[in-house]
There are 4 protein chains.
Amino acid sequence: MPKLGMEPIRRAALVKATIDVIGAQGSLDVTVSQIAKKAGMSSALAHHYFGGKDQIFLAAMQQILRDFGAEVRTALRAARTPRARAEALISASFAPSCFDPATVSAWMTLYAQATTQPEMHRLLRLYQRRLQSNLTHALRPLSPRPEADAETLGALIDGLYLRAALARDRNAETALATALSVLDRLTGGQK
Amino acid sequence: MPKLGMEPIRRAALVKATIDVIGAQGSLDVTVSQIAKKAGMSSALAHHYFGGKDQIFLAAMQQILRDFGAEVRTALRAARTPRARAEALISASFAPSCFDPATVSAWMTLYAQATTQPEMHRLLRLYQRRLQSNLTHALRPLSPRPEADAETLGALIDGLYLRAALARDRNAETALATALSVLDRLTGGQK
Amino acid sequence: MPKLGMEPIRRAALVKATIDVIGAQGSLDVTVSQIAKKAGMSSALAHHYFGGKDQIFLAAMQQILRDFGAEVRTALRAARTPRARAEALISASFAPSCFDPATVSAWMTLYAQATTQPEMHRLLRLYQRRLQSNLTHALRPLSPRPEADAETLGALIDGLYLRAALARDRNAETALATALSVLDRLTGGQK
Amino acid sequence: MPKLGMEPIRRAALVKATIDVIGAQGSLDVTVSQIAKKAGMSSALAHHYFGGKDQIFLAAMQQILRDFGAEVRTALRAARTPRARAEALISASFAPSCFDPATVSAWMTLYAQATTQPEMHRLLRLYQRRLQSNLTHALRPLSPRPEADAETLGALIDGLYLRAALARDRNAETALATALSVLDRLTGGQK
DNA sequence: AATGAATGAGTTTTCATTCAT
DNA sequence: GATGAATGAAAACTCATTCAT
């Protein structure tokens, strides 16, 4: 068995460490040194593998979105009806993992940085398009205007998440219930 | 007799400069020196009048929310029916001034900082509660569940704003239309 | 009655304020603004009357030494014998007023600044010469080597004060007792 | 393999530079930049190795006391009789190295800072206790009240040092002679 | 006489980044 | 592949001092 290149291992460790550190201190004001230390290596090595702080951050965001995407896919796979698929998409957005402090901070960072950093902007758009496309597909059999309703639902999800994430009292359930009730209205309660 | 009454002038100038600088560079990574320079004074004076960077920021955010609040009140005053009041609230959220780059950056900053800075968190909650209260009041004659619908509309507005603000192509109108159409559905189209 | 010039009043207020502020915060790291505020005037006025921070400090030190000198003279006036005079000189050095935090800080400052600031050095020498002269005079009828013994006693007083002042547990009495017992030995217990 | 083991070297260089700079300018108002420059490195590195200015200062003071302690131990080792030990302790306090401008400034700084900085206070107490203990031990066979006499001698040494150090005309010898003569009196001239 | 206004020069401190080994 | 060493550049903040009124 050949000795594996360290690169993917190191990169993964750094990405995980980034998310951990952001979560631990609930803020994006983390230093490369903190991240590298958490990942068990020198900050010089972090630079070596990523080139710079921005890219480490970017990779961490990508990872979070990738994780989220995976959860969504898993949920979708288990859903047997269009209605179930729509519900799965909504539920995934309010899953406990989405309210992990690290995830919340990362999302807020993403929003804030999307105004200036093209890469972050691209990432955010990617997430939005994917959600839009998934929702549209699920709503097609249920709604006369699937695109428009998907847009509405997507925005509603984001807005509800924003509020639930920033409220100290974890009311993810309320947010979820609200979103599902809107789904009901949009689809006339069809299953 | 010394030159008198500069404090409010300087403070206002600094607040304006803060918004300008954030808007101009589309990012929250602005320094006190940049702000002070833009406001035509030394950074020392900025510290003298505000005490520190955080407080300058806070004052700027408060100003933005105050401006927004004023616009909302003006719009409400012209509205003669509950329906018109609801529309006014929604329209105000998608007014051109809300899409000014400085305003957008400020909002994103607010979201990002609310996770850690208690003052910013308080400010954001204040905005949310005010919107919620205004919407509930407007919906009371139109909806059987005014609180729940206000919550839905509030979150929808935030979500739509987020998307419209971050999309480079200015589609505030689409967002507005979407929000109004949801208002229609929630109220059964009553006027 | 002519309206008195403000100058002496302001200067006195500033000197007092300086001592107060140093005492209150137990450190020489006080700003002109703090002092001026305490004295109820603007820092600009403080500069106007004193020319600069160093001079304010110097005046404060002079005041402390002047106060100490006055106490010494009062004590000497009440002393009827050489022995009583020597005791008065020693007692004055360990009077409660000498252990006032402001006084202690001022003395330490004086020592520290005497290495560089000629004015402070002069002031310290003045104090030392005066003590030396007073002690010598008091010891002349009691000791075969009044100068040498005065030197010894003077240094001992300084050393004991240094230790008592820096010890948190106020042991001025012990220090005083030690000094007096050495006086006894030097003079063979003569009264 | 990176260059290794610089930490102790850098730390030692910084400590030495601190003492040098304080000595050269005879004042405690030295900046980290000055120290770092003298030590041939960037101020950032100084912070990296020490964490902050206060800790650099503290380390410098500790070094001075350590050096002094070493001199004392060396002198004690050569002393064969109690009397010789007492003389050694006294002589060490008036050794030429104690009158090096840097050392004098450092001592004055120590006194001045001991009123506010707990670490400095601890350091000073440590020195005082060590001297006290050494003197007591040496005086035990010579004096009926070794503790009290040690206290007297210790304070006398401090007071004489203070005066000699601050007098521009180097009269360390006179101070030493005075201290030794008091030792004689306290011990009845025993050898 | 008095002061609010204003600042320049300086301080400590932080950190992403580079480099020699 | 890996790291300790090192720094430049910049940040926030402070304060004695000056000035116009």
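Structure's up top.
A short tour of the structure in this document, coming up.

Conventions and cut-offs
- Residues numbered from 1 in each chain as written.
- Chains lettered and ligands numbered in written order.
- Predicted model: local features only at pLDDT ≥ 70, side-chain atom pairs only at ≥ 80, totals over all residues.
- Heavy atoms only, no water.
- Helix = DSSP H or I, 4+ residues; strand = E, 2+ residues; numbered from the N terminus.
- Buried < 20%, exposed > 50% of the residue type's maximum accessible area, 1.4 Å probe, protein only.
- Contact = heavy atoms within 4.5 Å.
- Areas by Shrake-Rupley, 256 points an atom, 1.4 Å probe, with all protein chains shown as cover.
- Lys, Arg positive; Asp, Glu negative; His and termini not counted.
- Charge placed at Lys NZ, Arg CZ, Asp CG, Glu CD.
- Buried area = accessible area lost by both parts, 1.4 Å probe.
- Salt bridge = Lys/Arg side-chain N within 4 Å of Asp/Glu carboxyl O.
- Polar contact = N/O pair within 3.5 Å; in protein donor to acceptor, adjacent residues only side chain to side chain.
- Nonpolar A, V, L, I, M, F, W, Y, C, P; charged D, E, K, R; others polar.
- Least-squares fit on C-alpha atoms with pLDDT ≥ 70 in both.
- Expected span 1.5 Å × (residues − 1).
- Axes fitted to C-alpha atoms, helices over the stretch in contact; angles between N-to-C directions.
- Parallel < 35°, antiparallel > 145°, perpendicular 65-115°, else oblique.
- Left-handed = near helix turned anticlockwise from the far one by under 90°.

**A word on the overall build of chain A**
Thought 1: When helices and strands are counted, chain A shows 9 helices and 0 strands.
Thought 2: For chain A, the N- to C-terminal ordering of α and β elements is α-α-α-α-α-α-α-α-α.
Thought 3: The principal-axis extent of the C-alpha atoms belonging to chain A is close to 60 × 45 × 25 Å.
Thought 4: Within chain A, buried positions represent 52% of all 191 residues.
Thought 5: Looking at chain A alone, contacts between residues at least 24 apart form 64% of all its contacts between residues at least 6 apart.
Thought 6: Counting only carbon and sulfur atoms, one obtains 55% of the accessible surface of chain A, whose full area is about 8900 Å².
Thought 7: Positive and negative side-chain charges of chain A, numbering 24 and 16 respectively, have mean locations separated by a distance of 4 Å.

**As for the arrangement of the chains**
Thought 1: With respect to C-alpha atoms, chain A approaches chain C no nearer than 32 Å, and the pair has no contact.
Thought 2: Spatially, chain B and chain D are disjoint, and the shortest separation between their C-alpha atoms is 21 Å.

**Focus: the interface of chain A and chain B**
Interfaces are frequently sized by the accessible area removed from exposure as the parts join.
Thought 1: Across the contact, 36 residues belong to chain A and 37 residues belong to chain B.
Thought 2: The contact between chain A and chain B buries some 3200 Å² in all, and 58% of this surface belongs to carbon and sulfur atoms.
Thought 3: Contact with chain B buries area across many residues of chain A, yet Arg163, Leu166 and Arg185 of chain A alone supply 23% of it, more than any other trio.
Thought 4: For the interface between chain A and chain B, the tally reads 4 salt bridges.
Thought 5: Across the salt bridge formed by Arg185 of chain B and Asp149 of chain A, the nearest N and O atoms sit 2.9 Å from each other.
Thought 6: Counting across the interface, chain A meets chain B through 7 residue pairs in polar contact (both at pLDDT 80 or more).
Thought 7: Listed by contribution, the elements that provide at least two residues to the side of chain A that touches chain B are α6 (101–114), α7 (118–139), α8 (146–166) and α9 (172–187) of chain A.
Thought 8: For the side of chain A that touches chain B, the element with the most residues is α8 of chain A, which contributes 12 residues.
Thought 9: Considering only residue class, the side of chain A that touches chain B consists of 15 nonpolar, 13 polar and 8 charged.

**Focus: the interface of chain C and chain D**
Thought 1: Contacts between the two partners involve 36 residues from chain C and, on the opposite side, 37 residues from chain D.
Thought 2: Of the roughly 3200 Å² buried between chain C and chain D, counting both surfaces, carbon and sulfur atoms make up 58%.
Thought 3: By the criterion of area lost to chain D, the three top residues of chain C are Arg163, Leu166 and Arg185 of chain C, representing 23% of everything that side buries.
Thought 4: Scanning the region where chain C abuts chain D turns up 4 salt bridges.

**Description of the relation of the copies chain A and chain B**
Thought 1: Superposing chain A onto chain B takes a rotation of 179° plus a shift of 0.0 Å along the axis, which leaves an RMSD of 0.3 Å. The operation mapping one copy onto its partner corresponds to a two-fold rotation axis. Minimal C-alpha distance to the rotation axis in chain A is attained by Gly159 of chain A, lying at 1.9 Å.
Thought 2: The residues that chain A uses at the interface reappear at the interface of chain B in 100% of cases, marking a shared surface.

**Observations concerning helix α1 (residues 6–25) of chain C**
Residues and elements named next belong to chain C.
Thought 1: Compared with an ideal rise of 1.5 Å per residue, which puts 20 residues at 28 Å, α1 spans 28 Å between its outermost C-alpha atoms and is within 8% of the ideal.
Thought 2: For α1, every residue scored as buried is listed here: Leu14, Val15, Ala17, Thr18, Ile19, Val21, Ile22 and Gly23.
Thought 3: In the core, the buried residues of α1 are packed alongside α2 (32–38), α3 (43–50), α4 (53–78) and α6 (101–114).
Thought 4: Directly after α1, the chain includes Gly26, whose backbone phi takes a positive value near 60°.

**Some thoughts on the relation of the copies chain C and chain D**
Thought 1: Each copy of the sequence occupies a distinct position, and chain C is placed on chain D by a rotation of 179° and an axial shift of 0.0 Å, giving an RMSD of 0.3 Å.
Thought 2: Same-surface contact between copies: 100% of interface residues of chain C are shared with the interface of chain D.

**Examining the environment of Val21 of chain B**
All names here are of chain B.
Thought 1: As for its position among the elements, Val21 is in helix α1 (residues 6–25).
Thought 2: In this structure the C-alpha to C-alpha distance between Val21 and Thr31, which are 10 residues apart in sequence, comes to 9.3 Å.
Thought 3: When sequence neighbours within four positions are dropped, the list of residues in contact with Val21 reads Gly26, Val30, Gln34, Ile35 and Lys38.

**Notes on α6 of chain C**
Given 3.6 residues per helical turn, the α-helix brings residues three or four places apart onto the same face.
Residue and element names in this part refer to chain C.
Thought 1: Between the first and last C-alpha of α6 there are 20 Å, a value that for 14 residues agrees with the 20 Å anticipated at 1.5 Å per step.
Thought 2: Along α6, 13 of the 14 residues are buried, which leaves the element largely enclosed by surrounding structure.
Thought 3: With a side-chain oxygen positioned 2.9 Å from the backbone nitrogen of Ala102, the residue opening α6 is Asp100.

**Here we look at the side chain of Gln128 of chain D**
Thought 1: Along the chain, Gln128 of chain D falls in helix α7 (residues 118–139).
Thought 2: A relative accessible area of 10% means that Gln128 of chain D is categorised as buried.
Thought 3: Excluding residues that lie within four positions of it along the chain, Gln128 of chain D makes contacts with Arg163 of chain C together with Asp158 of chain D.

**Considering the side chain of Thr115 of chain C**
Thought 1: With respect to the element layout, Thr115 of chain C can be found in the loop between α6 and α7 (118–139).
Thought 2: Of the polar contacts made by the side chain of Thr115 of chain C, one reaches the backbone oxygen of Gly26 of chain D; its length is 3.1 Å.
Thought 3: Contact partners of Thr115 of chain C, with chain neighbours within four places excluded, come to Gly26, Val104, Ser105, Met108, Leu166 and Arg168 of chain D.

**Observations regarding the packing of α6 of chain C against helix α6 (residues 101–114) of chain D**
Thought 1: With their axes 8 Å apart at the nearest point, α6 of chain C and α6 of chain D run at an angle of 160° to one another. Our classification of the angle between α6 of chain C and α6 of chain D gives roughly antiparallel. Classified by chirality, the crossing of α6 of chain D by α6 of chain C is left-handed. In this structure, α6 of chain C contributes Met108, Tyr111 and Ala112 of chain C to the contact, and α6 of chain D contributes Met108, Tyr111 and Ala112 of chain D.
Thought 2: Of the residues belonging to the contact of α6 of chain C with α6 of chain D, the class tally is 6 nonpolar, no polar and no charged.

**Here's the deal with the environment of Thr81 of chain A**
Thought 1: Its place among the elements puts Thr81 of chain A in the loop between α4 (53–78) and α5 (82–93).
Thought 2: Residue class for Thr81 of chain A comes out partly exposed when judged on its relative accessible area of 33%.

**Re the pattern of salt bridges**
Thought 1: Counted according to the given criterion, the structure contains 30 salt bridges over all chains.
Thought 2: A salt bridge links Asp158 of chain A to Arg163 of chain B; the nearest nitrogen and oxygen atoms lie 3.1 Å apart. Separated into two different chains, Asp158 of chain A in helix α8 and Arg163 of chain B in helix α8 (residues 146–166) make up a pair that spans both.
Thought 3: For Asp158 of chain A, a relative accessible area of 3% gives the class buried.
Thought 4: For Arg163 of chain B, a relative accessible area of 9% translates into the label buried.

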